[in-house]
Amino acid sequence: MTFQIGKFEAPAQEPIVGIDLGTTHSLVAIVRNGQPEVLPSREGKRLLPSVVAVDAEGSEPVLGYEARKHQIRDARHTAFSVKRLLGRSYEDVKAKASEFPYELVPPPADDPSGLVRIRLGYCVFTAIEISAMILKELRLSAEAALGQPVHKAVITVPAYFNDAQRQATRTAGRLAGLDVLRIINEPTAASLAYGLDKKKQGTIAVYDIGGGTFDISILRLHDGVFEVLSTHGNTQLGGDDLDQAIAQWFLADGLSMNELSLEDRAALIEGAERAKKAIGSSGEEQAIELELRGERKRKVLTVETFNQLCRPILEKTRVSCEQALKDAGLSREELTDLVLVGGPTRLPIVQQVASEIFGRTPNTSVHPDEVVAQGAAIQADILAGNTTDLLLLDVVPLSLGIETYGGLMNVLIPRNTKVPATAREVFTTFADKQTGVDIHVFQGERDQVSENRSLARFKLRGIRPAPAGIPRIEVSFLVDADGILQVSARDMETSQVQSVEVRPSFGLSDAEVERMLSAGLENKDGDKAFKRLVDARNEAEPILRATERNLPDADELIGREQADVVRAAVRELQDAMAGTDPVRIRQTRDQVNRVTIVLAEKVLARTLARASSTR
Amino acid sequence: MPRRFAQDRAALQKRFLDLSRALHPDRFARAPEGVRQASLERMGLVNEAYRLLTDRNAVRDYLLAEAGIAGKPVRSMDDLELAERWFELQEQVMELDDPREPVEKFAGELQLLIVSSQERMQELEKKFDAGEESGSEAAETLREMSAAAQRGNTLRSMLRDVERLKARVGLG
C-alpha cells in the first residue's frame, strides 16, 4: 500500500443541498461550479407540487404532479398545503377546517404533542409526517440527479415561523433521513440568490408571498455580509387565500364551503386556482365552470372583480411592511431595492400593491418560484466551506420571554435581535426548602402571556433546600442560528450546571422523534399495509365465494372453454388471497370480475327463469 | 470601548462585521460539536454586546447599574400637576359632547414635553461624555439621567393612555 498525501486530506465531502419546502411547491437545489442550480424532480420537473396522495392501492405514497391528479378524483386521500398546519395544534386551525378538502382531526387524548392530525382514508398523519414524505422525495430526486447519496440539507422556512414551526420542519427533515444543518428564512435566502452578482452595498426589502405565508424582511448588504435589520409577516396569508376568495365568490350566496363534499371543495379550489393563474398570465377575464352537488354552474371572473377580491387580502401585508420599516429605523425612501419573491408575485395586482406600499417599482425576479431554493443552496455551500465571501446575519422574528407575576410577559429577547441571541435571567424560590421552579416560555408581542404563544415549559429541579429567596439559579436562553431555543441552567453559588428538559408546547420531544425514527415509521407503514390488505381481501371475498358457488354449473352454462378461463382466474385469486400483496389481490379480483360477466348473466337468467316457473 | 454615549457608529459596525465573519456558526458547520457550540455562544455574546452598544437606553442602564444607582421613583411637582390634569381631562370627556379640543390639547402638550425630555437626555449624555468617567460629577449626571428617563417613561405611558382614551371616545 502506497502512502499518499491524499490520505491526510479531508474525505470527499458529501453534498449539502438546499431545500425550499413550500406550501404549494417544493424544490431542491445545489451549488455546482459556483452557481446555484435547481435539481429536477423524479418526475423530470423543476417543481415538486407539495401534494401527497396515499392511494388506496399500492403501498407507497404518491407525490408531486401525479398526486395532484388525485386531488380531485380522490380528495379524501390527498393532502396539500400542509405547511399551513406545521407545528400547529387542532385548536389553532379548527376554525379554518372547512378550507381544507381533507379532514382535520384532533390528536389522541394521550398525545402530549397537541398537534393537529390529517385523516387520509384509514390513515392519520401529522403535518410533520406528510412534510417528511415531501422531503424524502426531494432527497431521492437529488440523489438521482447527483448520482450519490444525499444526507445533509439546508431547509428554508418563512421568516415569521415561530419556534414550534421551525422545530416541526427540522423534525420532518430528520424523519426524511436528512441531517438538517441549518434552517434559514425564505426572504433571507432569496436575498442571497438575488444579491449574489448584484450590488455589494444597499438596503433591500424582500416582499415574499408564497402559497400560504407572507414575509417582509429588510436587509443591509455590506460587501458579502447580508445583515437582516428586521422582519415581519403573517404565517396564514398567501396565494391560497386568493384561491379561497375566488371560491367564495363563485359560490356567492348559494352554498357555503361547509356544505360541499371534500371532492367538490377540491374541484372548486382547483378551478379557482386555475382562473387566478390564467388571469395573471393572460390579463384577461376567465370563465369558471364547475359541477357542484350535481349542478353545473358557470361564472365569468373579470379582471376587475379578481383585483377587488385580491386587494383586501393583499392590503393585510401593509401593516407588516410598515412595522418592519419602523423596526429597522428606516423610511421607505431609504431603501435601494424592493425585491418580490414567490409565485403570487407574478400577479400584476400583487406587484401593484407592493409598489404602492413601498412607493417604488419592484424588482421582479426571473424565477420567483426558484430564488428561495437557490438561496438555500448558496447557504448550503457556505456551510460546506466552499463559499467564504458571503455570510447571513439573521434575526428572531418574535420576542421571546417568560411568564412573570400576574401573567405578564417578561421579554428576554426582543424581536429582531440577531441570532444567535442570548439572554440570562436569575430565578429563586418562593418557599422554604423549595427544590423546583416552573418556568414557562412564550413567544409573541403582547403584554399578557395568555395572548402570546406558549413555546415551552420546563422545571428547574434539584435546587438545594434553603430558605425562600436564597438559591440563585441563572438560566441561559440561547436562540441558535436556526431560530430555535436552547436552555441551560446553573446554580450561581455552586456553579453546578443543571439539566433542563424543555418540553415543546406544540411538537414532538426528541425522544418521540427517536421513537418514530426507529420503530414508529416502520410500524405505521406496516399498519397501513395491513389495512390495505384487509380491505383488498374484504372486497375480493364476496366475488370469490359467488364464483366458487356457481363454478360446478359453469361448463353447462358457458361451455367448457370459457369455464376453464374462469377456473384459471379463480385459482389465481385464491392464490393471491393466500398471499399478502393487496395489489395482486385487487388485480386478480378484477380479472375474475371481467371473465365472469357471461357466467353471471347466465346464472341470473337461470335464477329468474326458475323463479317465474315456480310462481 | 470608551465609556460614553456617543460611539463611532462606523467603527463599531466594522468591528461587529469583522467579528461576525470570524466567529459566526456558519463558519464552523463542519467542525466538531464542541467547537460549534463555542462559536454559537460567542457569536451570541457579540450580538448582545452590539445590540447594547447601539442602544443608548441600554448603555445608560448599564452605566446606572454599574454606578449602583437604583431606579428609585422620583416624584416632582411637575408630575403631580400633570397627573391632576389627566384626571380632570378624563372627567371632562365624560361630560362634554365634543371632547375633541381638550383631549387634543393635552396630547399636544404631552408630545412637546416628551420632545423636551429627549433633548434634556441628549444634553446629559453630552455632559457625561465631556466629563470625567468617574467621580462625583459623573455620578450626579447619571442620577439626573435616571430621573429624566423615568420622567420620559411617565410621559410616554400617559400619552399612550390618552391615545387609548381618544380611541374609546371615537377620536382615534
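Since this is a predicted model, take the numbers as computed values, not measurements.

Cut-offs used in this document
- Residues numbered from 1 in each chain as written.
- Chains lettered and ligands numbered in written order.
- Predicted model: local features only at pLDDT ≥ 70, side-chain atom pairs only at ≥ 80, totals over all residues.
- Heavy atoms only, no water.
- Axes fitted to C-alpha atoms, helices over the stretch in contact; angles between N-to-C directions.
- Helix = DSSP H or I, 4+ residues; strand = E, 2+ residues; numbered from the N terminus.
- Parallel < 35°, antiparallel > 145°, perpendicular 65-115°, else oblique.
- Left-handed = near helix turned anticlockwise from the far one by under 90°.
- Nonpolar A, V, L, I, M, F, W, Y, C, P; charged D, E, K, R; others polar.
- Contact = heavy atoms within 4.5 Å.
- Buried area = accessible area lost by both parts, 1.4 Å probe.
- Salt bridge = Lys/Arg side-chain N within 4 Å of Asp/Glu carboxyl O.
- Polar contact = N/O pair within 3.5 Å; in protein donor to acceptor, adjacent residues only side chain to side chain.
- Buried < 20%, exposed > 50% of the residue type's maximum accessible area, 1.4 Å probe, protein only.
- pLDDT = per-residue confidence, 0-100.
- Pairing = 2+ DSSP bridges.
- Domains from an automatic or database assignment.

**Focus on the packing of helix H5 (residues 100-130) of chain B against helix H6 (residues 136-168) of chain B**
Relative placement of two packed helices is described by the angle separating their axes and the distance separating the axes. Residue and element names in this part refer to chain B. Taken N-terminus to C-terminus, the directions of H5 and H6 make an angle of 160°; their axes are 9 Å apart at the nearest point. With respect to H6, the axis of H5 lies roughly antiparallel. Relative to H6, the crossing made by H5 is left-handed. A class-by-class count of the residues in the contact of H5 with H6 yields 18 nonpolar, five polar and eight charged.

**Overview of the interface of chain A and chain B**
Listed as interface residues are 30 residues of chain A and, on the opposing side, 21 residues of chain B. Across the chain A/chain B interface, buried area totals approximately 2100 Å², and carbon plus sulfur atoms make up 52% of it. Area buried by chain A at its contact with chain B is led by Leu391(A), Pro420(A) and Thr422(A), which between them contribute 25% of it. If you look at where chain A meets chain B, you find two salt bridges. Across the salt bridge formed by Glu48(B) and Arg424(A), the nearest N and O atoms sit 2.8 Å from each other. Seen at the junction of chain A and chain B, the total is 13 residue pairs in polar contact (both at pLDDT 80 or more). The class makeup of the residues in the side of chain A that touches chain B is 14 nonpolar, eight polar and eight charged.

**A short note on the pattern of salt bridges**
Residue and element names in this part refer to chain A. One pass over the full model with this rule turns up 54 salt bridges over all chains. With a closest N to O distance of 3.1 Å, Glu-315 and Arg-311 form a salt bridge. In this pair, Glu-315 and Arg-311 are both assigned in helix H8 (residues 303-328), four residues apart and thus about one turn of the helix distant. Note that Glu-451 is salt-bridged to Arg-446, the shortest N-O span being 2.5 Å. Since its relative accessible area comes to 46%, Arg-446 is described here as partly exposed.

**Things to note about the confidence of the model for chain B**
Here chain B averages 86 in pLDDT, and 94% of its residues register 70 or above. Averaged over each element, pLDDT in chain B is lowest for helix H4 (residues 77-95) of chain B (82) and highest for helix H1 (residues 9-23) of chain B (94).

**With respect to the sheet that holds strand S7 (residues 78-80) of chain A**
All names here are of chain A. Within the open sheet, the three strands sit side by side as S6-S5-S7. Their pairing is antiparallel. What marks the edges here is a single partner per strand, and that holds for strand S6 (62-63) and S7. Pairing analysis gives two bridges linking strand S5 (residues 51-53) to S6, with the strands arranged antiparallel. Across the sheet, residue Val-52 finds its bridge partner in S6, namely Leu-63.

**Some remarks on the domain arrangement of chain B**
Per the domain assignment, the segments making up chain B are domain 1 (9-54) and domain 2 (77-168). Centre-to-centre, using C-alpha coordinates, domain 1 of chain B lies 38 Å away from domain 2 of chain B.

**Comments concerning the domain arrangement of chain A**
Residues and elements named next belong to chain A. Taken domain by domain, chain A holds domain 1 (16-238 + 309-393), domain 2 (239-308), domain 3 (400-507) and domain 4 (512-614). A C-alpha centroid distance of 25 Å is found between domain 1 and domain 2. Between domain 1 and domain 2, the residue contacts involve 33 residues of the former and 26 residues of the latter. Area buried by domain 1 at its contact with domain 2 is led by Ile-72, Ser-98 and Leu-309, which between them contribute 28% of it. Where domain 1 meets domain 2, there are one salt bridge. Among the ionic pairs, Asp-241 bridges to Arg-84, the shortest N-O distance being 2.7 Å. There are 16 residue pairs in polar contact (both at pLDDT 80 or more) connecting domain 1 and domain 2. Going through the elements one at a time, helix H1 (64-73), H8 and helix H9 (348-358) are the ones with two or more residues in the side of domain 1 that touches domain 2. Examining the composition of the side of domain 1 that touches domain 2, we find that five residues originate from one element, H8, more than from any other. For the side of domain 1 that touches domain 2, the per-class residue count stands at 15 nonpolar, eleven polar and seven charged.

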